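Chain by chain, the residues run as shown.
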Amino acid sequence: MINDVMRLVNVTKVYVIGIAKFKALRDVNLTIPRGAFIAIMGPSGSGKTTLLNIMGLLDRPTSGKVYINGLDTSKLSDKEVARIRNEKIGFVFQQYNLIGRLTVLENIELPLIVRGIHRSKRIELVKKALIEAGGEVSWLNKRPSQLSGGQQQRVAIARAIVTSPSIVLADEPTGNLDTQTSGKVIKTFIDINKLGNTIVVVTHNPEVANCTQKIYVIRDGAIVGVREPERDKCIA
Amino acid sequence: MLAQFIVDVLRMALKSLSERKLRATLTIVGIAIGPLAMVMMSSVVAGYSDYIVSQIESLGQNLVVVFPRGEYELTQRDLDVIRTIAGVKRAEPFYSTQGIIKVGGAEKQVFIYSTAIDMILEAMGGLKIAQGSTPSESEIISAVVGHSIAFDDAKTQVYGVGDAILISTYVQGRNGISIKRVSIVISGILEEFGGAFMLSPDSTVFMPLESGRKVLGLNKWSGILVLVESVGLVNSVVSELRNVFGNAVDIVSFQGIADVVRSVVTAVDFISFATSLSAFAVAIAGVASTMITAVVERIREIAVMKAVGFTNTQVLVAILAEGLIMSIIGGAIGIFTGALGAYVLASRGLEIRGMAASIIIAAHPKIEPILIARTALLTLLVGLAGGLFPAYKAAKIPPALALRYE
């Protein structure tokens, strides 16, 4: 088994706006070992989300390569990329991005629908994921609007891990939460990391980054440093 | 696996539609108008068409009538020529006029035909004697009368076999039309025939040929009835008659009239079909508008679907399913209300003014499986055509961009 879940080699992303060109990422090289819990930290506009989107195959780099479990994704078709997103990657967004008209159960089972898994089996997997994400089975038939922000983010985490992906990518997962709730959500990430999940958290909050195993600092689209977290300053 | 995905997509689509009930309902109403119009108009037109054609055909599909044109006078020589034409089974001359008979308290306008009555009965299969019998050729003051002459409007029998009736007839003389009163004896009464065109057997008095000249005072044959051996030979006999007589006569074949009616009805049906299509076109615009709005509103949701692994095709199917569901519901409502409307429309009847009088026919609408299938297919196409562009746009949304969409 390849030990690195993800490897980025010389990844560059250039946005063309009219005649102007904007370089959002510059020659990013990054390796994420299996089971790691890392943070990518930087100020607003530093390219964190762009990097995460490319890591999650939601966007393609202008140049450079993204390997997932050793597979070069640059030449894959849209359909193959969608399959990798479904099987290997789980996303957690700042604004949770739960679908309001669906119940908690229906939101979490969304990635399983793509696979055509039978409903009874899906319910089983959803319950397991929700409990692992620190949620409660009693939420299953509730709408997201009936839950607090922290609870909604747990549901989003459950949706990200329900397929047992190779890596979970979280974009500012505590950005909409108060300090206390942020601590609880980060604690959830620590717990699911202990279960073997590889996690990458993008944040501008040092208290969140300090809860991880390694912090990559990004500025102006480039990784400018790697440092060890200060555990005593972790929010969780 | 695919079946489970389709079930899930349909469930999600239903949930999505139920979330925006008013908009979906209005779109469904818009969709329903097309199938409603198509089923209602086509089935009513087809129903009346079948009724009219069957009525014309019942007058004798292998019967051809030769009428003199202008001053031309048909003679025994013409009759002999006609009888020699290949395919002619029998040819008999006839006198015809109109008259008035008192039936119960009311006066009724009637046709009077003076000819070989047995040939009429042979040519028009649906015409049968209910009471009495046909008079012999020599019984010139006897007649077979139509059902509505012997019976009044309340279906009460007014005249029976052996009764004498007084007819006021119109006679063309040198000084114009004069009225002549003749008394005849009923020797037979026909079964009810129902509404018919050109001829109305229920309001007709059939007398032997000689009655025309000797009783009614008619001195010129009104025409010659030609019975053709088989329906397939009608066209060739008509063609030969045209060759022989040229423009001296008018030739009427009921089969030919039925063919003309059929072609007219086909044209009317096409026009009603084209009219219905415009309703379908409007429905496509309605579905497209609703779906585009839905896609714009749910752009982040679509991005999330893609983030969790939905392929472009799966997103397209998921969005298209909403259009299809609206089409299926709209189609079912439209077809049902169209069928209902067709019965209501047909029950009003259709008034046709004939030579004798106007008659109102009430034909059942013809709702055939092919009409339902065609309408259902077109309605499904509405959902597909209206939903395809928005669904395609949704499928092509770049997820990274859409996730930032506010």
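Residues numbered from 1 in each chain as written. Chains lettered and ligands numbered in written order. Predicted model: local features only at pLDDT ≥ 70, side-chain atom pairs only at ≥ 80, totals over all residues. Heavy atoms only, no water.

> Honestly, the overall build of chain A in this entry has me stumped. Any pointers?
Along chain A, the regular secondary structure elements total eight helices and 10 strands. The principal-axis extents of the C-alpha atoms in chain A amount to approximately 50 × 45 × 40 Å. Every one of the 236 residues in chain A was classed for burial, and the buried ones make up 56%. Taking contacts inside chain A between residues at least 6 apart in sequence as the whole, the part at least 24 apart equals 68%. Here chain A displays about 10000 Å² of accessible surface, and carbon together with sulfur accounts for 49% of that area. (Helix = DSSP H or I, 4+ residues; strand = E, 2+ residues; numbered from the N terminus. Buried < 20%, exposed > 50% of the residue type's maximum accessible area, 1.4 Å probe, protein only. Contact = heavy atoms within 4.5 Å. Areas by Shrake-Rupley, 256 points an atom, 1.4 Å probe, with all protein chains shown as cover.)

> In this structure, what is going on with the packing of aromatic side chains? I would like to understand it.
Residue and element names in this part refer to chain A. For the coordinates displayed, the defined rule picks out six aromatic pairs over all chains. With centroids separated by 5.8 Å and ring planes inclined at 5°, the aromatic side chains of F91 and F93 adopt a geometry described as stacked. Judged by its relative accessible area of 7%, F91 falls in the buried class. The ring of Y67 carries R7 above its face, with NZ or CZ at 4.7 Å from the centroid. (Phe/Tyr/Trp six-rings, centres within 6.5 Å; stacked < 30°, edge-to-face > 60°. Lys NZ or Arg CZ within 6 Å of the ring centre and 35° of its normal.)

> It is not clear to me how the state of the cysteines should be interpreted in this structure. Could you clarify?
What we call a disulfide is simply a covalent bond connecting the sulfur atoms of a pair of cysteines. All names here are of chain A. Under the defined criterion, the tally for this structure stands at one disulfide over all chains. Between the sulfur atoms of C211 and its disulfide partner C234 the distance amounts to 2.0 Å. A torsion of 100° about the S-S bond marks the disulfide between C211 and C234 as right-handed. Here C211, found in the loop between helix 8 (206-209) and strand 9 (214-219), pairs with C234, found in the segment after strand 10 (222-227); they are 23 residues apart in sequence, far enough to count as distant. Overall, the relative accessible area of 19% leaves C234 in the buried class. (Disulfide = S-S within 2.5 Å.)

> I would appreciate a short explanation of the interface of chain B and chain A in the present structure.
Often, the extent of an interface is quoted as the loss of accessible area upon association of its parts. With 27 residues of chain B in contact, the opposing surface of chain A contributes 30 residues. Carbon and sulfur atoms make up 56% of the surface buried where chain B meets chain A, a total of about 2500 Å² over both sides. In this structure, the connection of chain B to chain A is made through five salt bridges. Residue E106 of chain A pairs with R11 of chain B through a salt bridge whose shortest N-O separation is 3.3 Å. Counting every contact that joins chain B to chain A gives nine residue pairs in polar contact (both at pLDDT 80 or more). Secondary-structure elements contributing two or more residues to the side of chain B that touches chain A are helix 1 (2-19), helix 9 (299-307), helix 10 (312-347) and helix 12 (399-403) of chain B. Among the elements that make up the side of chain B that touches chain A, the one with the highest residue count is helix 1 of chain B (eight residues). Of the residues belonging to the side of chain B that touches chain A, the class tally is 11 nonpolar, six polar and 10 charged. (Buried area = accessible area lost by both parts, 1.4 Å probe. Salt bridge = Lys/Arg side-chain N within 4 Å of Asp/Glu carboxyl O. Polar contact = N/O pair within 3.5 Å; in protein donor to acceptor, adjacent residues only side chain to side chain. Nonpolar A, V, L, I, M, F, W, Y, C, P; charged D, E, K, R; others polar.)

> Can you help me understand the pairing of strand 10 (residues 249-253) of chain B in this one?
If a strand is regular, its side chains alternate between the two faces of the sheet. Residues and elements named next belong to chain B. Of all five residues in strand 10, four are buried; the element is thus mostly enclosed. Across five bridges, the pairing between strand 1 (residues 63-68) and strand 10 is antiparallel. Looking at strand 10, one finds that V64 is bridged to S253. (Pairing = 2+ DSSP bridges.)

> When you look at the domain arrangement of chain B in this model, what are you seeing that I'm missing?
Taken domain by domain, chain B holds domain 1 (2-57 + 259-403) and domain 2 (63-229). Relative placement of domain 1 of chain B and domain 2 of chain B: their C-alpha centres are 53 Å apart. (Domains from an automatic or database assignment.)

> Looking at this structure, how should I read the sheet that holds strand 9 of chain A?
Hydrogen bonds between backbone groups are what pair the strands of a sheet, and the pairing can be parallel or antiparallel. All names here are of chain A. If you walk across this open sheet you meet the six strands as 6-7-8-3-9-10, and the pairing is mixed. Edge positions in the sheet fall to strand 6 (89-92) and strand 10, since each has one partner strand and no second. The mean inter-strand angle of the sheet, taken between neighbouring strand axes irrespective of direction, is 20°. In this sheet, strand 8 (residues 198-203) lies alongside strand 3 (residues 37-41) in parallel orientation, the contact comprising five bridges. Bridging from a neighbouring strand, I38 pairs with V200 of strand 8. On top of the sheet, helix 2 (residues 78-88) reaches strand 6 and strand 7 (167-171); it is set at about 75° to strand 6, its chief contact. (Axes fitted to C-alpha atoms, helices over the stretch in contact; angles between N-to-C directions.)

> Explain the packing of helix 1 of chain B against helix 10 of chain B here, please?
Think of two packed helices as two axes; the pair is described by the angle between the axes and how far apart they sit. All names here are of chain B. Relative orientation of the contacting elements helix 1 and helix 10 amounts to 60°, with a least axis distance of 9 Å. In terms of orientation, helix 1 and helix 10 fall into the oblique class. Crossing geometry of helix 1 relative to helix 10 is assigned as right-handed. Where helix 1 abuts helix 10, its residues F5, V9, L10, A13, L14, S16 and L17 lie against Q314, V317, A318, A321, E322, I325 and M326. (Parallel < 35°, antiparallel > 145°, perpendicular 65-115°, else oblique. Left-handed = near helix turned anticlockwise from the far one by under 90°.)

> Mind showing me how you'd approach unusual backbone geometry here?
The phi torsion of most residues other than glycine is negative, and most of the peptide bonds are trans. Residues and elements named next belong to chain A. Unusually for a residue other than glycine, N69 sits at a positive phi of about 50°. Within the secondary structure, N69 is located in the loop between strand 4 (63-68) and strand 5 (71-72). Despite not being glycine, D220 shows a phi value in the positive range, around 50°. Within the secondary structure layout, D220 lies in the loop between strand 9 and strand 10.

> Is there a simple way to think about the sheet that holds strand 5 of chain A in this case?
All names here are of chain A. Within the open sheet, the four strands sit side by side as 2-1-4-5. Their pairing is antiparallel. This sheet does not close on itself; its edge strands, each paired only once, are strand 2 (20-33) and strand 5. Of the strand pairs in this sheet, strand 1 (residues 4-17) and strand 2 are connected by 10 bridges, and their pairing is antiparallel. Counterpart to D4 in the pairing with strand 2 is P33.

> What's the story with the side chain of K306 of chain B in this structure? I'm lost.
If you trace the backbone, K306 of chain B turns up in helix 9. Of the side chains with opposite charge, D78 of chain A comes closest to the buried, unpaired K306 of chain B, at an N-O distance of 6.7 Å. Each residue touching K306 of chain B, except ones within four places of it in the same chain, is listed here: R85 of chain A together with N312, V315, A394, A395, K396, I397 and P399 of chain B. (Lys, Arg positive; Asp, Glu negative; His and termini not counted.)

> What is the right way to look at a nonpolar patch on the surface in this model?
Residues L2, I6 and L10 of chain B make up a contiguous nonpolar surface patch of roughly 270 Å² in combined accessible area. Judged by relative accessible area, which is 61%, L2 of chain B ranks as exposed. (Patch = residues over 30% accessible without salt bridge, like charges linked within 9 Å, V, L, I, M, F, W, Y side chains within 5 Å.)

> Please explain the packing of helix 5 (residues 119-132) of chain A against helix 6 (residues 149-161) of chain A as it appears in this structure.
Residues and elements named next belong to chain A. The interhelical angle for the contact between helix 5 and helix 6, taken along N-to-C directions, is 125°, at an axis separation of 8 Å. Classified by the angle between their axes, helix 5 and helix 6 sit oblique to one another. Note on packing geometry: the crossing formed by helix 5 with helix 6 is right-handed. Between helix 5, through A129, L130 and E132, and helix 6, the contact on the second element is made entirely by V155, A158 and I161.

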